[in-house]
Amino acid sequence: MWRLERRPEPSAAMRLATPLLAVALSVLAGAALFALLGHSPLPALHAFFVGPVTSRYGVGELAVKATPLILIALGLAMGFRAGVWNIGAEGQLTLGAIAGGGLAAMVFYDGAGPWLLPSMLVAGAAAGLAWAAIPAFLRTRFGVNEILVSLMLAYVATLLLSALVHGPWRDPMGFNFPQSRYFPTDGTMPVILEATRLHLGFPLALLAAAVAWVLMARTVVGFQLDVTGLAPRAATFAGFHPERTVWLAFLVSGALAGLAGVIEVAGPVGGQLVPVISPGYGFTAIIVAFLGRLHPVGIVLAAHVVALSYLGGENVQITQGLPQAVTGVFQGFLLFFLLAADVLVRYRLRLGRERAA
């Protein structure tokens, strides 16, 4: 009988290699899927992984899609390293979009100025932070499971956005469509690459990654997060307060998710609030965080890989006639193979019965 036996010391090299292995196995599984759907694997794989980035515009779109994934995954990674499970980043993203987008929608065009976009970014980050503070408070004060609370709050945020754009915030000149009025020009993200949609949010995300790297690798705060996640009792003995760690992880991840929400509505969404802000970036960023090994540099690289799956799904839908659900399937492959590879890093397969103690 096969059984799992814990390795004495997991290989650090294999831990770094497993994301690459997961990507390779996902590509192979994707080829098999395309064949089962009646399409030639090689042209379909080319359309999925290469076709979207063969033009200047496509490269810009890759960075646009990667921007919210980088921001959200950075915040989630800090919590995951400390054993804090924020699963509701999608709701924090939505609240950030509501706060920042609502501010822009309420400003008259002739009253806007250079102050508007920075104010939107601050408002969005503050709203995401406040929404993340709810599960942080409930966990530290009453011991409520943060996974369930943060996840349920994501649906509350989505319903709140829908109620606003269908009701009081609906554009009276929008032909009854559920959308807010367009933001003033000063409330939209500046484009930084001509003939693309690449906007200022991308360098902001890279800057956030650099700051996160310094915070995690070169400060006491990063050390505290790691110790709390790896050895909670040792962290308490060292004087680190678990409640403070929970608050820090939630507030930082909420602020970054809220910032991503503002950037989305002020950029790719088109400068207005609509019922659907993201295709699930808050949930997909969980895959990005683990694929990037909870490290800022790895997260930046992983975000581009996952962003390519969004573009590839759209491209095969157009060129190959495949359903756009291929995107979700590929992301599922990534997560499955990554988790499976992680198990084999920590355990080895043994044939035979377990020895009696």
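Throughout, a residue's number is its position along its own chain's written sequence, starting from 1. Owing to the predicted nature of the model, reporting of local features is limited to residues with pLDDT of at least 70; listing and counting of side-chain atom pairs is limited to 80 or more, with chain, interface and lining totals taken over all residues. Hydrogens are left out, water is left out, and the side-chain values use all remaining heavy atoms of the structure.

### Looking at the overall build of the chain
Then, number 1: If you tally the helices and strands in the chain, you get 13 helices and 2 strands.
Then, number 2: Using C-alpha atoms as the atom set, the radius of gyration is obtained and then compared with a globule rule of 2.2 Å times the number of residues to the power 0.38. For the chain, whose C-alpha radius of gyration is 22 Å, the value lies close to the compact-globule estimate of 21 Å for 357 residues.
Then, number 3: When its C-alpha atoms are laid out on the principal axes, the chain stretches across 80 × 60 × 35 Å.
Then, number 4: Under the scheme applied here, a residue whose accessible area is under 20% of the maximum for its type counts as buried, over 50% as exposed, and between as partly exposed, the area being computed with a 1.4 Å probe on protein chains only. Counting only residues that meet the buried cut, the chain has 48% of its 357 residues in that class. The helix count covers DSSP runs of H or I at least four residues long, the strand count covers runs of E at least two residues long, and both are numbered beginning at the N terminus.

### Digging into the packing of helix α11 (residues 281-291) against helix α13 (residues 326-346)
Then, number 1: Between α11 and α13, the shortest axis-to-axis distance is 10 Å and the interhelical angle comes to 40°. Looking at the two axes, α11 sits oblique to α13. Seen from above, α11 lies across α13 with left-handed handedness. Seen from α11, the contacting residues are Thr-284, Ile-287, Phe-290 and Leu-291; seen from α13, they are Gln-331, Leu-334, Leu-335 and Leu-338.
Then, number 2: Throughout, the ten residues Ala, Val, Leu, Ile, Met, Phe, Trp, Tyr, Cys and Pro are labelled nonpolar, Asp, Glu, Lys and Arg are labelled charged, and all others, Gly among them, are labelled polar. Grouping the constituent residues of the contact of α11 with α13 by class yields 6 nonpolar, 2 polar and no charged. All axes are obtained by fitting lines to C-alpha atoms, using only the stretch in contact for helices, and the reported angles, taken between N-to-C directions, cover 0 to 180 degrees. We call two directions roughly parallel when the angle between them is under 35 degrees, roughly antiparallel when it is over 145, roughly perpendicular when it lies between 65 and 115, and oblique otherwise. It is the rotation of the near helix from the far one that decides the hand of a crossing: anticlockwise by less than a right angle makes it left-handed, clockwise makes it right-handed. By definition, residues are in contact when any of their heavy atoms lie within 4.5 Å.

### A short note on the pattern of salt bridges
Two side chains carrying opposite charge are able to pair once their charged atoms lie near each other.
Then, number 1: The salt bridge criterion pairs a side-chain nitrogen of Lys or Arg with a carboxyl oxygen of Asp or Glu, the two atoms within 4 Å. Enumeration over the complete set of coordinates arrives at 6 salt bridges.
Then, number 2: Residues Arg-197 and Glu-61 are paired through a salt bridge, measuring 2.8 Å at the closest nitrogen-oxygen approach. Here Arg-197, found in the loop between α6 (146-166) and α7 (201-218), pairs with Glu-61, found in helix α3 (residues 56-81); they are 136 residues apart in sequence, far enough to count as distant.
Then, number 3: Judged by relative accessible area, which is 8%, Glu-61 ranks as buried.
Then, number 4: A salt bridge links Glu-314 to Lys-65, with the nearest nitrogen and oxygen atoms 3.8 Å apart. One end of the pair, Glu-314, is in helix α12 (residues 296-319); the other, Lys-65, is in helix α3, with 249 residues separating them in the sequence.
Then, number 5: Since its relative accessible area comes to 14%, Lys-65 is described here as buried.

### Overview of helix α2 (residues 41-50)
Because an α-helix completes one turn every 3.6 residues, residues spaced three or four positions apart along the sequence face the same direction.
Then, number 1: Every buried residue belonging to α2 is among Ala-44, Leu-45, Ala-47 and Phe-48, and all of these are buried. End-on, the buried residues of α2 take up no more than an arc of 160°, which puts them together on one face.
Then, number 2: Among the structural elements, α1 (12-36), α12 and α13 are those in contact with the buried residues of α2. As used here, the arc belongs to the directions running from the helix axis to the C-beta atoms.

### Topic: the layout of surface pockets
Then, number 1: With a 1 Å grid laid over protein atoms only, a set of points is called a cavity when a 1.4 Å probe fits there but cannot get out and a pocket when it is open yet has protein on both sides within 12 Å along at least five of seven lines; lining residues have an atom within 4 Å of a point. Grid points are joined across faces, edges and corners, and a volume is the space filled by probe spheres set on the points. One number sums up the size of the largest pocket: a volume of about 520 Å³.
Then, number 2: Around the largest pocket, the lining comprises 15 residues; the ones closest to its centre are Arg-15, Phe-80, Arg-81, Leu-230 and Leu-294.
Then, number 3: Looking at the lining of the largest pocket, the elements with two or more residues in it are α3, α8 (220-230) and α13.
Then, number 4: In terms of residues, the lining of the largest pocket owes the most to one element, α8, which gives 3 residues.
Then, number 5: Considering only enclosed or pocket space, the second largest pocket measures out at about 270 Å³ in volume.
Then, number 6: Forming the boundary of the second largest pocket are 13 residues, of which Pro-19, Leu-291, Gly-292, Gly-298 and Leu-301 lie nearest the centre.
Then, number 7: The residue inventory of the lining of the second largest pocket, partitioned by class, reads 9 nonpolar, 3 polar and 1 charged.

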